[in-house]
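Overview (structure and organization)
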Amino acid sequence: MLGARLTGRIPVAQDVNSSPGAPEVRSQFAPRRRRALIERGIHVVLFICAAASILTTAGIIFTLLGETLAFFREVPIIDFLTGTRWTPLFVSQSFGVLPLVNGTLVVALVAIVVAVPIGLMSAIFLSEYAPARVRAAVKPVLEVLAGIPTVVYGYFALLFVTPILRDIFPQTQVFNVLSAGIVMGFMILPMMASISEDALRVVPRALREGAFALGATKFQVTVRVVVPAALSGILAAIILSVSRAIGETMIVSIAAGLQPKVGFDLLSSMETMTAYIVQVSLGDTPQDTIEYRTLFAVGTLLFLMTFVMNILSDWIVRRYREVYE
Amino acid sequence: MTQDAATRWRPRIRRRNAIGRGFALLTIVSTLLGIAVLIALLIDVFGDGGAQVDGHFLTNYPSRFPEDAGLRSALLGTLWMLVLTAIIAFPLGVGAAVYLEEYAPNNWLTRFIQLNIANLAGVPSVVYGLLGLGLFVRWFALGRSLIAGAMTMALLILPLIIVASREAIRAVPDSQREASYALGATRWQTVFRTVLPAAGGGILTGTILALARAIGETAPLITIGALTFIAFDPTGPMDLFTVLPIQIFNWVSLPQREFHDLAAGGIVILLIVLLLANSIALFVRFRLQRRFD
Amino acid sequence: MEANPTGTRKPDVAASPSANDAAQANGPAKPDVLVTEDLKFWYGKMRALSGISLKIPQHEVMAIIGPSGCGKSTYLRCLNRMNDLIASARVEGRVIFDGEDIYARNVDPVQMRRRIGMVFQKPNPFPKSIYDNVAYGPKVNGYRGSMDDLVEHSLRQAALWDEVKDDLKKSGLELSGGQQQRLCIARALAVEPDVILMDEPCSALDPIATTRIEDLIRELRENYTIVIVTHNMQQAARVSDRTAFFMVDEQSSGTLVEVDETQRLFTAPSDQRTEDYITGRFG
Ligand SMILES: Nc1ncnc2c1ncn2[C@@H]1O[C@H](COP(=O)(O)OP(=O)(O)OP(=O)(O)O)[C@@H](O)[C@H]1O
Ligand SMILES: [Mg+2]
C-alpha cells in the first residue's frame, strides 16, 4: 500500500488548486487532465476487479436463495430439515434431507478419523522430529498428494480400496461409505498436516527450551507443551478438514453410492448432499420443477454448513495468532 | 527438602525414553503412510491405464465400444476450457490483487473484500457449479457451453490467483516504487512498468497452479450440465463440451471393466497434463521470479 | 553431538576443594559442584568457546560477565546440555557435575537437566495455568509427593506465592513480566535441582522487578548453586560471590580471562583486560 501513501498527497494539492473562488493561476506543475483521467479510470477498473469477488458471493447467495425460497414455498422447511425420507426423483416424493445429511456426516467422520491422527502425527514429525533435509523432501510429496484431482481419488476408492475391503469384509457393498471416507481422509491429510505444522512451528523455541530445561523428554516437550500451545491452530485445521470433507463431491459420487438413508453401516452405500447434486445434474432436469429446486435447497444447506465452519476456523486462527505476536 | 528425594521422585527414565522412541516412530510411520498411499495410487492407475495410452486413445472420440473410445473431444475441451478460463480469471485476479496491494485504502470495504476472498476460497466447488447453473447457464442463457463452464471455473480459481498475485506484489520492495515515483511516474505507470514486471514471475506461477487446479475440477462442470458424450470438436465458446475429468468420471461410472481401464488411461493423461503444468510453473518460478534479497 | 571427553576420568573431582586461591583465603573451602575442564564449543565451523576451565563452588552465586557475543550464553547452555538442541553444535572437553562428566556417552541429558535447572533471559511461562506451569516439571519427572504442597513451596521460594495464591488457575501469560520471571524460577525450583543457571534473568524487567529477583537470588543461594550471566556489572556485584570475566580472543571465540571473588575482581582485578572492562574503557 505504499502507492496509496506516496501519491496520497496529490489529491490534496489538487483540492487546493481547484477550490472554488481561488484565483485561477495555472501552475506549471498542474495535473494534466488526460493523464489524471486515465489514472482515475484505471483506479475504477481495478476496483471493479476486486469487487468481482463480492459479486461472486452475492451471486452465490442470490442463486441459491432464489431457488431455495421457491422450493420452500412448496415444501415446508420443517419437513425438509426433519424428514427422514429423501425421494424427490420418485413418484411418491418426500423431501426430508436428513438421509443426505446423515450420509455426508458419516463419510466426513470416516475421513476425519483417518486424516486427523495421521495428519497431526505427520505435522509433528515435520515440525519437531524431521531434519531439515527430510522435511524439504517430504513436503513436496504431500503437496503432490494434495494436487491429485478428486476424480482420481474416486477411481482409487472404487477400484483399489473397495476390492480390498471386500476381501476383508465380504458383506461390503460395491458402493460403500468406508472406502470413500478412507480415501477422502488421505485427500484431506496434506491440508490437515500443513495447517497443523504451521501451528506447531509458530510455538516459540523458548517454550521448548523451558520444558527441556526441566528435564522433560522430547516426547514430553512435544505432547505436553508444544501441542497444547498449538491447540487452537490444530483445532482450526480439524474444522477446515471437516468442511473440506463435507464439500467433497467426486469421491463420494463415484465410490459411496446413491442410496439416501439414515444409519451408520459403513460397509453399505449412502448418498451425500454433494453426490445428490451430481446425481440430479447428470440427468436433464428441466428448470422450474421441484426436482431442479432441490438442487439449490441442498446446495444452500451445504453452503451454510461449510460457511459456518470456515468462519469458525478463521476466527480461531486469528485468535491464536495474537498470542505469540 | 532433599534428604528423602529418592523416595519422592521416580523418574523412570527408561520407560520415558521408550515411550519417546515409540512416539517418534509413530510420527515417521504416519508420514510414510501418506507417501505410501500416493505411491499405491500411482502404481494402481499406471498399472491399469498405462496400456491404454496410444495414438488412437488421444485422437479418437468417445465411443460405446471400449476398443474405439478415445479422449479427443475431452482433450480439446480441456484446452478450450483452459484458455477461456485463463482469459477471464487472469486479468480479473491480477487486477484485484493490484487494487488490494497498491490502491486500496485501509477501510471497512477493503477489509470486507479481503474477508470475502478468504471465504470464497473455502466454498465447495460444487456450490460454484450451482452458481454457474443458475446464473450463467439459465439466467444469462449461455446454455451448457464452454463459456458458461469457463466463467464458473474462473470464479472458482479467482481467490487462488488473487492470493498468489498479492504475495508476489508484496514481495516487490518499496524502494522500487520510490525510484519510479521519483522519476515522475504516475501510480499506474509505476504499477505497470515497475511493480508488475518485478512481480511477474510470482503472478504467473500462481496463475498456472490455479489453472492446474481448474484442469482437475470435475464437480462444478458436471453441475452446470457439461455433457459427457461429445463426438465432435468444439469450435467456439458457445459449443457444448466435455473435459478430461468428466470423461474419466463417465468411464469409471460404467460397470464394464474395459471402461474402467479407459478411465485409468484418462487419468494417466490427466496426471501427465498436470505434471506438465506444474513443471512449467516451477520453471517460471526459477527463471522469471526476480529476487530482491 | 557426541562429546569427546579428553583426559582421564577424575571421579573425586566434585568433592575436591576449590582451586581458586581466593576462595581458600577466607573460611573453609566449599566443594565444587560444577567443573568445566577445557570446554570448547563450535557452532558449525565457528568456534564460540576456546577451552574454558572453571570451577563453581556449592551454594555460591557465580556471575559471568563480559562483552556481548563473548559466549556467556553459550557457556551457560553447555552446563545443562541445552546446546544439544542446536543441530550444528559440537562440544569438546568435560563438564563434571556431581562427579560425572555430563557429556559422557552413558549420560542421559534428560535426567541430568532435572538436577541443573535453567531460567531464561525472556520469561517463558507455558501457556498454561500458574499451577500447571509449576507442576509441569514434577509431573514429567514422576514426582510422587503432594503436588499442591510442592507447588506452594516452590512459589513461596520464588516469592510469588502471596501474589498468586488466590489465582492459581490463571494463565501464566497473564502475569506481569517480573511475576512471569519469578514463575519461571518457581518452575525451575519445583524439580528440586542442585544448580540453577540464569541467563540475564532481569534484562527484560523493570528496576523494581529486578530488585525482587536479585533479593530472591540472594535467598536461594542458601540452598542452591547459582550461575548467572549478566550484562549489568552492578548486578554482578550485588548478587554474586564470585565473578568470571569472559572475552573473545583473537580468533573471536570466547575465553575465560579471569575468575575471582566478586569483590576482589571489581576492586583489584589481576588482568588488565578485566580492569579495562569494568572501568568501562571498552566493551
Ligand atoms: N545458535 C547459534 N548458531 C550460530 N552461532 C551462534 C548461535 N548462538 C550464538 N552464536 C554465536 O556465538 C557467539 C557467542 O554467542 P553467545 O550468545 O554465547 O554470546 P553472549 O556472550 O551470550 O552475548 P550476549 O551478551 O549478547 O547475550 C556469538 O558470536 C554468536 O553470534
Ligand atoms: Mg547471551
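Reading the values: rules and limits
- Residues numbered from 1 in each chain as written.
- Chains lettered and ligands numbered in written order.
- Predicted model: local features only at pLDDT ≥ 70, side-chain atom pairs only at ≥ 80, totals over all residues.
- Heavy atoms only, no water.
- Near = heavy atom within 4 Å.
- Polar contact = N/O pair within 3.5 Å; in protein donor to acceptor, adjacent residues only side chain to side chain.
- Areas by Shrake-Rupley, 256 points an atom, 1.4 Å probe, with all protein chains shown as cover.
- Helix = DSSP H or I, 4+ residues; strand = E, 2+ residues; numbered from the N terminus.
- Nonpolar A, V, L, I, M, F, W, Y, C, P; charged D, E, K, R; others polar.
- Buried < 20%, exposed > 50% of the residue type's maximum accessible area, 1.4 Å probe, protein only.
- Pairing = 2+ DSSP bridges.
- Contact = heavy atoms within 4.5 Å.
- Buried area = accessible area lost by both parts, 1.4 Å probe.
- Salt bridge = Lys/Arg side-chain N within 4 Å of Asp/Glu carboxyl O.

A separate point is the site of ligand 1. Residue and element names in this part refer to chain C. Looking at ligand 1, the residues that line it are Tyr 43, Met 46, Ser 68, Gly 69, Cys 70, Gly 71, Lys 72, Ser 73, Thr 74, Ile 86, Glu 200 and His 231. Measuring from an oxygen atom of ligand 1, one finds a backbone N or O atom of Gly 69 at 2.8 Å. Between ligand 1 and Ser 73, the relevant distance is 2.6 Å, taken from an oxygen atom to a side-chain nitrogen or oxygen of the residue. In isolation ligand 1 exposes 630 Å². Once the protein is present, 62% of that is buried. Of all the elements, helix H2 (residues 72–78) adds the most residues to the shell around ligand 1, at three residues. Taken together, the residues of the shell around ligand 1 sort by class into four nonpolar, six polar and two charged.

Here we come to the pairing of strand E10 (residues 254–261) of chain C. Residue and element names in this part refer to chain C. Burial within E10 is extensive, with six of its eight residues counted as buried. Two elements, strand E9 (residues 242–248) and E10, share seven bridges in a ladder whose sense is antiparallel. Considered in E10, the bridge of Ala 244 is made with Val 259. The antiparallel hairpin formed by E9 and E10 contains five residues in its connecting segment, where Ser 252 sits at a positive phi of about 50 degrees.

Counting from both sides, the interface comprises 20 residues of chain A and, opposite them, 26 residues of chain C. When chain A packs against chain C, close to 1700 Å² is buried across both sides, 65% of that on carbon and sulfur atoms. Applying the counting rule to chain A against chain C returns one salt bridge. One can count six residue pairs in polar contact (both at pLDDT 80 or more) joining chain A with chain C. Element by element, the count of residues in the side of chain A that touches chain C is highest for helix H9 (residues 205–213) of chain A, at eight residues. Counted by class, the side of chain A that touches chain C contains 13 nonpolar, four polar and three charged residues.

Residue and element names in this part refer to chain C. Alignment of strand E1 (residues 32–43) against strand E2 (residues 46–57), held across eight bridges, turns out to be antiparallel. What sits directly across from Trp 42, in E2, is Arg 47. Between E1 and E2, which follow one another and run antiparallel, lie two residues, and Gly 44 among them has a positive phi close to 60 degrees.

Next up on the list: the environment of A:Glu291. Residue and element names in this part refer to chain A. Its location among the elements puts Glu 291 in helix H14 (residues 290–323). Distance from Glu 291 to Phe 95, taken between C-alpha atoms, is 9.9 Å for residues 196 residues apart in sequence. Here Glu 291 is in contact with Pro 88, Leu 89, Gln 93, Tyr 276, Val 280 and Thr 285, once residues within four sequence places are set aside.

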